[in-house]
Amino acid sequence: MGSITETWARLTRDRRVAWAAYVLIAVALAALPFAVDAALGRAWVRIIDVALLFVMLALGLNIVVGYAGLLDLGYVAFFAVGAYAYALLASPQFDIHTSFLLLLPLGALVTAMFGVLLGAPTLKLRGDYLAIVTLGFGEIIRIFLNNLNRPFNITNGPQGITLIDPLQIGGVALNETFIVLGITLAPVHSYYFVFLLCALLIIVVSLRLEDSRIGRAWIAIREDEAAARAMGINTRNIKLLAFAMGATFGGVSGGLFAAFQGFISPESFTLLDSIMILCMVVLGGMGHVPGVVLGAVLLTALPEALRYVGPLQKDWFGQVFVDPSDLRMLLFGLALVLMMLFRPAGLWPSKIRKREWTT
Amino acid sequence: MSGRMSALLEAKRISKRFGGLEALTEITLAINRGEIYGLIGPNGAGKTTFFNVLTGFYRADRGEFAFDGAPLYAGAPHRVAAAGIARTFQNIRLFGNMTALENVMVGRHVRTRSGVIGAVLRTAATRAEERAVHERSYALLEYVGIAARRNDLAHSLSYGDQRRLEIARALATEPKLLALDEPAAGMNATETATLRQLLERIRADGTTILLIEHDVKLVMGLCDRVAVLDYGKKIAEGVAAEVQRDPAVIEAYLGGVLA
């Protein structure tokens, strides 16, 4: 699959071809939700929306795990912080209703601070120890959210926060259905475009950071921390920067998630979600942006696709032999084993990672 | 060559203890600008410990360094690198999964400024800096003679090339003092000869060199002055040929003078 990147580079060497390709991709991405709506139904448009949220999350974790090599098992905490920051400031909970144009940057800033706050105590840890501590931090955040309804009710505890404001652009809320130029724009469609824009922005930021002084410093720390220090890299600051940047992406995703769902509770931010995001990064190819995007989309869409297996069995055999949710876990395990055997560097690793595993 | 004015690095009574082991005892030495200074001694004499204290990886229990007229900040390798001391490692430590060129580019980190915002917005200043980093790193690969392998992953280079790459990466930080920890270890005679030429050229281009080395022939031929460590103490210092005849040195290496 590495040849995709090469073919792309060869084709787009010509400026006009490159522009044509970009326009084609833009048109395809714009048409995608409507095509999916027509072919598979509205539920699948919603799945694509969720997949885009996970693309942002996976790219955030990719900065910490893929670039800087810091194994973070509590990443979902930043998703939670971003979601709650949005929910608390745009819901009847405190009767504050802030514009999302202000709230998303603010949420990103707050999560970046949490990234530094949770990163700072872990600076001297590595590998297994770092994983355990970050896992603990992830759980601490969730438990806090679960219990911050006493003595003052801040998060509304396990009941969660309801009636969160939807995204509003120029006084128009995105949770209404519009008809624009004869095209029906349901909420899932409108949100798709907002999420797509944010995801693309995060992809560009990731790619540019990777190929920069900061990105090289992250990768140097991943490769050999002592040598990185000897080269004059302030590993403390550069690691904190990785935590902050990764958290920021998670925070943006969390804010969008809260607005999209209209309801959040601590249940949405469990350890299993952290592990799932990590799986997306590892499955796709750590440190390789296209691979991580692929991993996030696959791992969001596949479990949903497996839901159809139940009704299919009924149609073919007259009864359900394997419960779809069992099958999901079974296939997930099988996929993990196959991955480890045949594509240990991920489905779409960067060329460098691929060489690393094959030599 | 003596005199305060020309000393680039002064170590003043540096001591370091690991539990019951006195690894360094009151080491005092001065390295002059433009010289190649050798640090030799039997295994376990404290050479690498001295290196690690100097470059900030360990903190000295007592004593201090003065470098280029200012005290050296203890216990912070990145500040030592910023002050102008670059090091290599006894067991090569490259960024294995980065290319040779990228390895050298990391060395430019400490002399460049671009941050997240510059990288994300690709400002004109950042692009100019990246171009300069790229050109300079390539030039350094040419300087040490491995430009042809710039796109190869560091861990796939031959042993000798890895040593050269480590030197190129250290030079990228624009050091005033280049500290090399056994650069000739594991090299054959031809590789050692080329290394010697390279080190002489680096010195001629104005960089002072501190060299830890086991290859006595290399040290004696290359170094202007030599200090000998044994059990954490400096037992001799001076011009290579004199030190070689010092009875204390012979005893340290051979375990006593034959009667």
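Just above sits the structure.
Residues numbered from 1 in each chain as written. Chains lettered and ligands numbered in written order. Predicted model: local features only at pLDDT ≥ 70, side-chain atom pairs only at ≥ 80, totals over all residues.

A. Structural view of the overall build of chain B. Of the regular secondary structure elements, chain B holds 10 helices and 10 strands. In terms of overall dimensions, chain B is globule-like: its C-alpha atoms have a radius of gyration of 19 Å, near the 18 Å expected for 259 residues. Dimensions of chain B, computed from the C-alpha atoms along their principal axes, are close to 70 × 40 × 35 Å. Out of the 259 residues in chain B, the part that is buried amounts to 46%. For chain B, the proportion of contacts with a sequence separation of at least 24, taken over those separated by at least 6, is 66%. (Helix = DSSP H or I, 4+ residues; strand = E, 2+ residues; numbered from the N terminus. Rg over C-alpha atoms; globule rule 2.2 N^0.38 Å. Buried ≥ 20, exposed ≤ 12 C-beta atoms within 10 Å, placed from the backbone. Contact = placed C-beta atoms within 7 Å.)

B. The arrangement of the nonpolar core in detail. Residue and element names in this part refer to chain A. If you look at the biggest cluster of nonpolar residues, it comprises 173 residues, and the most contacted ones within it are Met56 and Ala58. Ranked by residues supplied to this core, first place goes to helix α3 (residues 42-67) with 16 residues. Setting aside chain neighbours within four positions, we find Ala58 in contact with Ile277, Met280, Val281, Val292, Gly295 and Ala296. (Core = buried A, V, L, I, M, F, W, Y, C linked by C-beta atoms within 7 Å.)

C. Structural view of the sheet that holds strand β6 (residues 85-87) of chain B. All names here are of chain B. If you walk across this open sheet you meet the 6 strands as β6-β7-β8-β3-β9-β10, and the pairing is mixed. Two strands lie at the open edges of the sheet, namely β6 and β10 (233-239), each paired on one side alone. Averaged over all pairs of adjacent strands, the angle between their axes in this sheet comes to 15°, without regard to strand direction. Bridge count for strand β3 (residues 36-40) against strand β9 (residues 225-230) is 4 bridges, and the pairing is parallel. Pairing of Tyr37 across the sheet is with Arg225, part of β9. Sitting on the sheet, helix α7 (residues 189-204) is in contact with β3, β7 (177-181) and β8 (208-212), with an inclination near 145° to β8. Running at roughly 125° to β10, helix α10 (residues 247-254) makes contact with β9 and β10 of the sheet. (Pairing = 2+ DSSP bridges. Axes fitted to C-alpha atoms, helices over the stretch in contact; angles between N-to-C directions.)

D. Just helix α5 (residues 124-144) of chain B, in detail. Residues and elements named next belong to chain B. In this model α5 runs 31 Å from its N-terminal to its C-terminal C-alpha over 21 residues, within 8% of the 30 Å that 1.5 Å per residue would give. When we look at burial in α5, the residues that qualify are Thr126, Glu130, Val133, Ser137, Leu140, Leu141 and Val144. Mapping the buried residues of α5 onto a view down its axis gives an arc of 100°, with all of them on the same face. The exposed set on the far side of α5, more than 90 degrees from its buried face, consists of Ala124, Arg127, Ala128, Arg131 and Glu135. (Expected span 1.5 Å × (residues − 1). Arc of directions from axis to C-beta.)

E. A look at the interface of chain A and chain B. The partner chain B presents 30 residues to the 26 residues of chain A that form the contact. When residues of the side of chain A that touches chain B are traced back to their parent elements, those giving at least two are α7 (187-210), α8 (213-223), α9 (225-230), α10 (235-261) and α15 (351-358) of chain A. Examining the composition of the side of chain A that touches chain B, we find that 7 residues originate from one element, α8 of chain A, more than from any other. Looking at the side of chain A that touches chain B, its residues break down into 14 nonpolar, 4 polar and 8 charged. (Nonpolar A, V, L, I, M, F, W, Y, C, P; charged D, E, K, R; others polar.)

F. Fine view of the pairing of β9 of chain B. Burial within β9 of chain B is extensive, with 5 of its 6 residues counted as buried. Taking the residues that link successive antiparallel strands as the turn, the β9 of chain B-β10 of chain B hairpin has 2 residues, and the phi of Tyr231 of chain B there is positive, at about 45°.

G. Main features of the pairing of strand β1 (residues 7-18) of chain B. All names here are of chain B. Sheet analysis places β1 next to strand β2 (residues 21-32), joined by 8 bridges and oriented antiparallel. By the bridge assignment, Ala7 is partnered in β2 with Asn32. Taken together, β1 and the strand that follows it, β2, pair antiparallel across an intervening segment of 2 residues, in which Gly19 is found at a positive phi of about 60°. Bridge analysis of β1 against strand β4 (residues 62-67) gives 5 bridges, and the strand direction is antiparallel. Looking at the pairing, Lys12 lines up with Glu64 of β4.

H. Broad picture of helix α3 (residues 100-107) of chain B. Counting buried positions along α3 of chain B yields 8 of 8 residues, so the element is predominantly enclosed. Among the residues of α3 of chain B, Ala100, Leu101, Glu102, Asn103, Val104, Met105, Val106 and Gly107 of chain B are the ones counted as buried. In this fold, the buried residues of α3 of chain B make contact with α8 of chain A together with α5 and α6 (159-171) of chain B.

I. Just the sheet that holds β2 of chain B, in detail. Residue and element names in this part refer to chain B. Here we have 4 strands laid out as an open sheet, ordered β2-β1-β4-β5, and antiparallel in their pairing. Each of the sheet's edge strands pairs with one partner strand only, and the pair in question is β2 and β5 (70-71). Each of β1, β2 and β4 is contacted by helix α1 (residues 47-54), which is oriented at about 65° to β2, the strand it contacts most.

J. Molecular detail of the packing of α3 of chain A against α7 of chain A. All names here are of chain A. α7 packs onto α3 with a crossing angle of 20° between their chain directions and a minimal axis gap of 9 Å. What the angle tells us is that α3 and α7 run roughly parallel. Pair α3 / α7 crosses with left-handed handedness. Class assignment for the residues of the contact of α3 with α7 results in 18 nonpolar, 3 polar and 4 charged. (Parallel < 35°, antiparallel > 145°, perpendicular 65-115°, else oblique. Left-handed = near helix turned anticlockwise from the far one by under 90°.)

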